[in-house]
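Listed here are the chains, written in short residue letters.
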Amino acid sequence: MRSTTFDNGLKVLIQEEHTAPLASVWCWYKVGSKDERPGLTGISHWCEHMNFKGTANIPRDQVKGIIEQYGGTWNGYTWIDQTTYLETATRDALDRMLFIESERMASCLYHPDDCESERTVIISELQGGENDPDQLLDQELTATAFKAHTYGHPTIGWLPDLQTMTRDDLYGYYRRYYVPNNATLVIVGDVETDEALRRVNHYFGGIQPGTTPSRIVTLEPEQTGERRLTIRKEGTTAYLKVGFHAPSVTDPGFFPMLILDAVLTGAKGLNLWSSFRVPPPQRSTRLYRALVERGLASSVSGGLMPTEDPFLYTVSATANEGTPLASVEGALLEVLADVELHGITEAELIKAKAQLRARLVFDSDSVTNIAHQLGYFETIASVDIFTAAPSRIAAVTLEEVAAVARRVFSSSNRTVGWFDPLPLGSGSTKSDV
Amino acid sequence: MSPDHRASDVVLRTSAAARSGLNPARTVLDNRAVLLTKATHTTPAVTVNLAIRAGSIADPTGLPGMTWLLSRAIDRGTVTRAAADIAEELDGRGITLTITVTRHLFSLVCTCLADDFEPVLALLGEILMSPSLPAEEIATRKGEVITAIRQDEDSPAVRATEALMALLYPAGHPYGRRTKGSIDVVERLTRAQLLQLHADRFAPSELTAVVVGDVETARAADVAARVFDGWRKPVPAPIALPPVALVNERRRVVIPMMNKAQADIAYGFTTVTRGDPAYYAFWLMNNAFGQYAIGGRLGDSIRERQGMAYYVSSSLDANVAPGPLVIRAGISPANVDRAVASIDEEVGRLVREGLTPKELDESRRYLIGSIPRALETNAAIANFLQTAEFFGLGLDYDMRLPELLGAVTLDEVTEAARRALDPDRATVVIAGPYE
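Chemist: Pulling in residues and values, what's your account of the overall build of chain B?
Modeler: In terms of regular secondary structure, chain B is built from 17 helices and eleven strands. A globule of 435 residues ought to have a C-alpha radius of gyration of about 22 Å, and chain B, at 23 Å, matches this closely. Its C-alpha atoms give chain B principal-axis dimensions of roughly 60 × 55 × 35 Å. Across the 435 residues that make up chain B, the buried fraction comes to 55%. Nonlocal contacts in chain B, meaning residues at least 24 apart in sequence, comprise 82% of its contacts between residues at least 6 apart.

Chemist: Describe in detail the overall build of chain A, supporting the description with residues and values.
Modeler: Summing up its helical and strand segments, chain A has 16 helices and twelve strands in all. The principal-axis extents of the C-alpha atoms in chain A amount to approximately 60 × 50 × 40 Å. For chain A, the share of sequence-separated contacts (at least 6 apart) that also reach a separation of at least 24 residues comes to 81%.

Chemist: Before we move on, could you go through the sheet that holds strand β5 (residues 106-113) of chain B and cite the residues and values that matter?
Modeler: Residues and elements named next belong to chain B. Spatial strand order, β1-β2-β6-β3-β5-β4: six strands in an open sheet with mixed pairing. Each of the sheet's edge strands pairs with one partner strand only, and the pair in question is β1 (25-28) and β4 (98-101). The mean inter-strand angle of the sheet, taken between neighbouring strand axes irrespective of direction, is 15°. As defined by bridge partners, strand β3 (residues 45-52) adjoins β5 across eight bridges and the pair is classed as antiparallel. Opposite T47, over in β5, you have T111 as the bridge partner. Sitting on the sheet, helix α2 (residues 66-73) touches β4 and β5, and the angle it makes with β4 is about 175°. Along the sheet, helix α4 (residues 117-129) contacts β3 and β5; its crossing angle with β3, the most-contacted strand, is approximately 15°.

Chemist: Help me get a handle on the pairing of strand β10 (residues 324-331) of chain B, residues and values and all.
Modeler: Residues and elements named next belong to chain B. Of all eight residues in β10, eight are buried, a share of seventy percent or more. Where strand β9 (residues 309-316) lies against β10, six bridges are found, and the strand directions are antiparallel. For V312, the partnering residue across the bridge sits in β10 and is A329.

Chemist: Let's hear about the domain arrangement of chain A: which residues, and what values?
Modeler: Residues and elements named next belong to chain A. You can read the domains of chain A as domain 1 (2-204) and domain 2 (227-432). A straight line from the C-alpha centre of domain 1 to that of domain 2 covers 27 Å. Residue-level contacts link 32 residues of domain 1 with 29 residues of domain 2. Contributing elements (two or more residues each) for the side of domain 1 that touches domain 2: β2 (11-16), β3 (22-29), β5 (83-90), α5 (133-145) and β6 (183-189). The biggest single contributor to the side of domain 1 that touches domain 2 is α5, with ten residues. The residue makeup of the side of domain 1 that touches domain 2, split by class, is 15 nonpolar, ten polar and seven charged.

Chemist: Break down the sheet that holds β9(B) for me, with residues and values.
Modeler: Residues and elements named next belong to chain B. The mixed open sheet is built from five strands, whose spatial order is β7-β11-β8-β10-β9. Of all strands in the sheet, those with a lone pairing partner are β7 (251-256) and β9, marking the two edges. Between one strand axis and the next, the sheet turns by 10° as a mean value, whatever way the strands run. Strands in contact with helix α10 (residues 279-290) are β9 and β10; relative to β9, the strand with the most contacts, it is inclined by about 175°. Of the strands in this sheet, β8 (263-270), β9, β10 and β11 (427-432) touch helix α12 (residues 336-353), which is tilted by about 25° from β8.

Chemist: Tell me about the packing of helix α1 (residues 43-50) of chain A against helix α4 (residues 112-130) of chain A, and name the residues and values.
Modeler: Residues and elements named next belong to chain A. Between α1 and α4, whose axes approach to 10 Å, the crossing angle comes to 120°. Our classification of the angle between α1 and α4 gives oblique. Crossing geometry of α1 relative to α4 is assigned as right-handed. On α4, the residues touching W46, H49 and M50 of α1 are D114, C115, E118, V121 and I122. When its residues are assigned to classes, the contact of α1 with α4 shows five nonpolar, one polar and two charged.

Chemist: Break down the interface of chain A and chain B for me, citing the residues and quoting the values.
Modeler: The partner chain B presents 61 residues to the 61 residues of chain A that form the contact. Broken down by secondary-structure element, the contributors of at least two residues to the side of chain A that touches chain B are β5, α3 (94-106), α4, β7 (227-234) and α12 (346-362) of chain A. When residues in the side of chain A that touches chain B are grouped by element, the largest group, nine residues, is from α4(A). In terms of residue class, the side of chain A that touches chain B is built from 17 nonpolar, 27 polar and 17 charged.

Chemist: Outline the pairing of β1(B), listing residues and values.
Modeler: Residues and elements named next belong to chain B. As paired elements, β1 and strand β2 (residues 34-39) share four bridges and run antiparallel to each other. Paired with V28 across the two strands is V34, which belongs to β2. Counting the residues between successive antiparallel strands, the hairpin from β1 to β2 contains five residues, one of them, R32, with a positive phi of roughly 80°.

Chemist: How would you summarise α2(B) if you had to cite specific residues and measurements?
Modeler: Residues and elements named next belong to chain B. Counting buried residues in α2 gives eight out of eight residues, a clear majority hidden from the surface. Within α2, burial applies to M66, T67, W68, L69, L70, S71, R72 and A73. Looking at the buried residues of α2, the elements they touch are β4, β5, α5 (135-153), α7 (183-188) and α8 (191-201).

Chemist: Account for the domain arrangement of chain B, naming residues and giving values.
Modeler: Residues and elements named next belong to chain B. What the domain assignment lists for chain B is domain 1 (22-228) and domain 2 (251-432). The C-alpha centroid of domain 2 is placed 28 Å from the C-alpha centroid of domain 1. Every element with two or more residues in the side of domain 1 that touches domain 2 is listed here: β2, β3, α6 (156-168) and β6 (207-213). The biggest single contributor to the side of domain 1 that touches domain 2 is α6, with ten residues.

Conventions adopted
Residues numbered from 1 in each chain as written. Chains lettered and ligands numbered in written order. Predicted model: local features only at pLDDT ≥ 70, side-chain atom pairs only at ≥ 80, totals over all residues. Helix = DSSP H or I, 4+ residues; strand = E, 2+ residues; numbered from the N terminus. Rg over C-alpha atoms; globule rule 2.2 N^0.38 Å. Buried ≥ 20, exposed ≤ 12 C-beta atoms within 10 Å, placed from the backbone. Contact = placed C-beta atoms within 7 Å. Pairing = 2+ DSSP bridges. Axes fitted to C-alpha atoms, helices over the stretch in contact; angles between N-to-C directions. Domains from an automatic or database assignment. Nonpolar A, V, L, I, M, F, W, Y, C, P; charged D, E, K, R; others polar. Parallel < 35°, antiparallel > 145°, perpendicular 65-115°, else oblique. Left-handed = near helix turned anticlockwise from the far one by under 90°.

If you want it as structure tokens, here you go:
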């Protein structure tokens, strides 16, 4: 992998992979929902939508199909630390992909009609998410766990902000953050590095840098006591979530926490883009045995994301029909209390490391996945963390895992959320925090 | 627009020149099991995909969901291994075993490190051939399935789609049944019934074992043959599918779910079998209509121009029996009527006018050009080979596909639309906060 920084500040990472006649291009921006102030929640994600609406040199009606012509796929996503766009297509489309991303960086239009049309699309996206009780609970739990840090609001934003944000808000935000010195361009695939760099220079070299955007810096104060919330809403199924403030990706506790999560719920790997689409190997894990094998829950999962600032480690369980949430919570907290007190075993450490080793291999099976990983880590911290991940995982000790368990699983650090369904047809909704 | 590329030339050149075809090796064992192997060396990993022709159509009459419950319990013990041993063996290697049930196939799929290939294939073979189905495991899995059914009952998307399928495939047709079954049936299923289902339907003649990854073809075939060669069982009786009834009127069903924020629309028709000569015309028609570049024509109208939905698309599932074409959209309750009217309008326009030459050309380029991407990973290749084997498409199907798509004419696409689509014969289901 070669790393180059252009004069305008654009960082470029290129990795040649000649296993298929494909190339994947990702353009990453250091802007996510944590950069949003009150009143503008959801603006990062809305801008992402607007950046597919046509540019100065790509008329709106020609956006459609611009990469499909090459058999390609394109997409984008916004999360708490970052916004990113990708195209994967045949290698011949490299110029086209770079052209699209250069246009997206410098020349999006934000036509007022398009901004209005997208407002309702995004509200529809939000409402679709609210149809899922588990997603609703996750949103409320996160908001309860964070008092100060902007990780607390959902990436899609709060509905009142989505109803009132203006085109000028959106365009101003776009111009502030979409500058080459706030971006990382990643190319992985059947390309030749020097030639690819020349093509990058052709499309991006002339884009002027902007003022490096300052990011909102807020430290979440230490949580001093357990927080709880209950959503009572019509539904059929009860859900439990327990969130703990967790180490950021640069914290020495991150990789021990990754091991701990593997022991509790199975190794997910480190790829937000692909790992979470395949369930982890978890049947022998502590929480699966305590909740699912005992018939208390139909599923359990753990979530530890690599993030720039300390985010949450969340354990989620779906209560089996007829099982009180209190029983599920009791069994779950008992397992966590045990690892807090005793740590994990040598055999568990060995197994977790083997799982993670395998997952890192499985997560690198396509140019798209490899490119994602390079850009993701460079945007939240440094690509070096990703390349060092195998050795960092291998070096984790039992003591480090025990220490992070004590630090994370203390009762004062947790937020407990219940989705406690009301009978269908009762016509009521209630939330207690 | 700059730069000026002629994309079709580029795509066709790449497809023809850069790919030499998958060229999988195919072996048929004495017991009629089929082995398909393909070596790749992208990562030191191997995907194993075992498919038995015993999907949900194998559910005995009056017992929908039995195959699904079998799929939840089959890997929870074998004649030589307890559930905990299997869990340790898979987890210790970082493997997730995914077991799926479609209408026609019961599949065990996993990816493992190349070093683990032999013991993993042996384990999967044992799970497939000799499950013990312990009673206590079945009881636990029943609880999970019942909870999953309850979750489905609270999902507008699932409710709309299942109701649509039941309307398109009525009178107990297997395509119209819920794969997971119903709670009352699941509760009373017994271990003896599951063992009987396995005994009746799981046989080497129904197995296709696909191995793709960092293992040489000859060795993969040799290992697979050792695992399955000794399996001896009679060929199961074929399962006859009832004919698919023609729909001659428009039907509209509303499932009020007033606790939800958004409504889901499922709007559909029955179409053709996978073996129908018009299949490729249907595929291209569906791509242009409801998939190309975020939802095709439907996406352009309902999402892009009218801003009514985050998602709208159509899917075509041509199968052994004439499969459905289903249009789905998530819509704010205030816009449901307008969205259905827009779908009607687009369906009507497609039937009246067909596609434009540009639309057909774009979809064709896309589907042909996406073949290398669709066959990039081991898992994707294995899935492709399973599909090709199931429908008898041939070992060179990946190489013939561009030609098959390339031969479709505008008239054939229009004829496909007229044959299956008609707003006056549409079945429409709306589930959500709408009355």
